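Chain by chain, the residues run as shown.
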2 protein chains.
Amino acid sequence: MPGTTDHIVKSYDNELKRLAALITSMGGMVESQVALACRAILDRDTEAADRAVAADPQVDALEREVEQFVIRLVALRQPMAQDLRLIIASLKMTGDLERIGDYAANVAKRSRVLQQFPMPYTLSGLAHMSRLVQENLKLIIDAIGEADAEKALQVWRSDAAIDEIYDALFRELITYMMEDPRNITPCTHLLFIAKNLERIGDHATNIAELIYYADKGEPLIDSRPKGDSSSSAVVRPRTAEEGGR
Amino acid sequence: MPGTTDHIVKSYDNELKRLAALITSMGGMVESQVALACRAILDRDTEAADRAVAADPQVDALEREVEQFVIRLVALRQPMAQDLRLIIASLKMTGDLERIGDYAANVAKRSRVLQQFPMPYTLSGLAHMSRLVQENLKLIIDAIGEADAEKALQVWRSDAAIDEIYDALFRELITYMMEDPRNITPCTHLLFIAKNLERIGDHATNIAELIYYADKGEPLIDSRPKGDSSSSAVVRPRTAEEGGR
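Throughout what follows, the structure given in this document is the object of discussion. Source: prediction; values computed, not measured.

## Concerning the packing of aromatic side chains
1) Next: Scanning the entire structure with this criterion turns up five aromatic pairs over all chains.
2) Next: Here Phe-170 of chain A and Phe-192 of chain B contribute two aromatic rings whose centre-to-centre distance is 6.0 Å and whose plane-to-plane angle is 40 degrees, an arrangement assigned as tilted. Of this pair, Phe-170 of chain A sits in helix α6 (residues 149-179) while Phe-192 of chain B sits in helix α7 (residues 184-216), which puts the two residues in different chains. Each of the two residues, Phe-170 of chain A as well as Phe-192 of chain B, counts as buried.
3) Next: Residue placement shows Arg-99 of chain B over the ring face of Tyr-103 of chain B; its charged tip is 4.6 Å from the ring centre.

In structure tokens:
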């Protein structure tokens, strides 16, 4: 089967570029949605929250546009081998980007609830986590635009650090909840916010795998670093006697 | 563009059937994974938990098999119009099924933590929720096999009920946490378990949309029922004075 990297048909090349441009633009939209959501939490910025939520339908519409484009492209151009792998990877990437947008919108929604509570702690751990997630997201969107498997690998490797921070945050938030029942509602929302950020990191890692696979033709999956152990976290109150039913 | 529902090439028909069979078999695998995960939680069944976690690599492998199959199918058969829509929808479905498997494995992992705690409440709400989620999952896998848009629509409509139960569970679990700090760790894991079940329901709904779209050629998205309001849930301790920092 011939590699079709040198396309005879010029307009086909343009179509592949257009596909990459569509996905990069979807990536940029999602990136700013995540930035807004983080600002909504960390700076208690209601306007940022509203904008993050409002962006969701646009992201969804762009996902559908990519899908329509891919269906037309495949039907008209009958791509093979590497091109087809790239096109299918692109389609899956938009799924990941759409989910990232959903998580950002959910973070923004929860920020509105947090406004109703005094902030139980400094948020420095969450600020750190949101910085790392945003860095990875920016990097992976660059990697999409440049079809850069090395950048993708870098994102893939640094996800373990995000998982570790999430794990630490999980334990920290539980101790705040144990200290004062008034912290339970805000900290529960913070737990889900942290989980959403961790999931955003996971989707960036998925995209990294797709970029790598589309470029190299072999999967980058089996030894994926997994740093999050919060699913098996056990945190107990300091004294078993405090608090009663 | 001609509809290619009547295929001249017999082996092409067989390939499409093989694709449907692959996805249905992936669906069946995921369905039993979810059943095991629910049993792990509700019956404190460690063996079920182990089996749910152990199934994950098989589900992932099947997803890759479908993807390889689709790439070969598209390259060789150059499908058009409705077939292409169906093939692309199939590819996206496997993504949803893979995520459902991940959520099931996560539920199973958390069940191991819960074993270390006395169960803080009867789990009747969670049992109810897991029953509805499993019903929807079974129905949607049938709908995949039969390409039945009506069944898909039924799943799509009943997701709101799952969201409502999740919402009630969220509030209920938070009150248990407020009553006794020893409940906080197990209830936090129960919160995430409930969230995972709710997400499994969402992915069943995604699949419903894909089946509908592949069949009808028009999306079933804009008026999707959304019953989950837990992202904005505010639950406060009974008296503001109890508990101190």
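Having put the structure on the table, let's press on.
## So, helix α1 (residues 10-42) of chain B
1) Next: Under the 1.5 Å per step criterion, the end-to-end length of α1 of chain B is 48 Å for 33 residues, consistent within 8% with the ideal 48 Å.
2) Next: Backbone geometry just downstream of α1 of chain B places Arg-44 of chain B in the positive-phi region, at approximately 50 degrees.

## Quick look at the relation of the copies chain B and chain A
1) Next: Rotating chain B by 180 degrees and moving it 0.0 Å along the rotation axis overlays it on chain A with an RMSD of 0.0 Å. A rotation of that kind, with that shift, is consistent with a two-fold axis. Scanning chain B for the C-alpha nearest the rotation axis identifies Gln-78 of chain B, at a separation of 2.9 Å.
2) Next: A shared interface surface links the copies, since 100% of the contact residues of chain B are contact residues in chain A too.

## Structural notes on helix α6 (residues 149-179) of chain B
Each turn of an α-helix holds 3.6 residues, which means side chains three or four residues apart point in the same direction.
Residue and element names in this part refer to chain B.
1) Next: Helix length check: α6 (31 residues) gives 46 Å between terminal C-alpha atoms against 45 Å at 1.5 Å per residue, within 8%.
2) Next: By the largest-angle criterion, Ser-158 marks the main kink of α6, which is about 25 degrees.
3) Next: Residue Asp-148 occupies the N-cap position of α6, its side-chain oxygen lying 2.9 Å from the main-chain nitrogen of Glu-150.

## Some remarks on the interface of chain B and chain A
1) Next: Contact residues are listed per partner, giving 60 residues for chain B and 60 residues for chain A.
2) Next: Both sides of the chain B and chain A interface together cover about 5300 Å² of buried area, and 60% of this is carbon and sulfur.
3) Next: On the surface where chain B and chain A come into contact, there are four salt bridges.
4) Next: Close ionic contact of Glu-63 of chain A with Lys-92 of chain B constitutes a salt bridge, the shortest N to O distance being 3.6 Å.
5) Next: Our count for the contact surface shared by chain B and chain A stands at seven residue pairs in polar contact (both at pLDDT 80 or more).
6) Next: Mapped onto the side of chain B that touches chain A, the elements with two or more residues apiece are α3 (56-77), α4 (81-114), α6 and α7 of chain B.
7) Next: Top contributing element to the side of chain B that touches chain A by residue count: α4 of chain B, with 11 residues.

Criteria and cut-off values
Residues numbered from 1 in each chain as written. Chains lettered and ligands numbered in written order. Predicted model: local features only at pLDDT ≥ 70, side-chain atom pairs only at ≥ 80, totals over all residues. Heavy atoms only, no water. Phe/Tyr/Trp six-rings, centres within 6.5 Å; stacked < 30°, edge-to-face > 60°. Helix = DSSP H or I, 4+ residues; strand = E, 2+ residues; numbered from the N terminus. Buried < 20%, exposed > 50% of the residue type's maximum accessible area, 1.4 Å probe, protein only. Lys NZ or Arg CZ within 6 Å of the ring centre and 35° of its normal. Expected span 1.5 Å × (residues − 1). Least-squares fit on C-alpha atoms with pLDDT ≥ 70 in both. Contact = heavy atoms within 4.5 Å. Bend = angle between axes of the 7 residues up to and from the residue. Polar contact = N/O pair within 3.5 Å; in protein donor to acceptor, adjacent residues only side chain to side chain. Buried area = accessible area lost by both parts, 1.4 Å probe. Salt bridge = Lys/Arg side-chain N within 4 Å of Asp/Glu carboxyl O.

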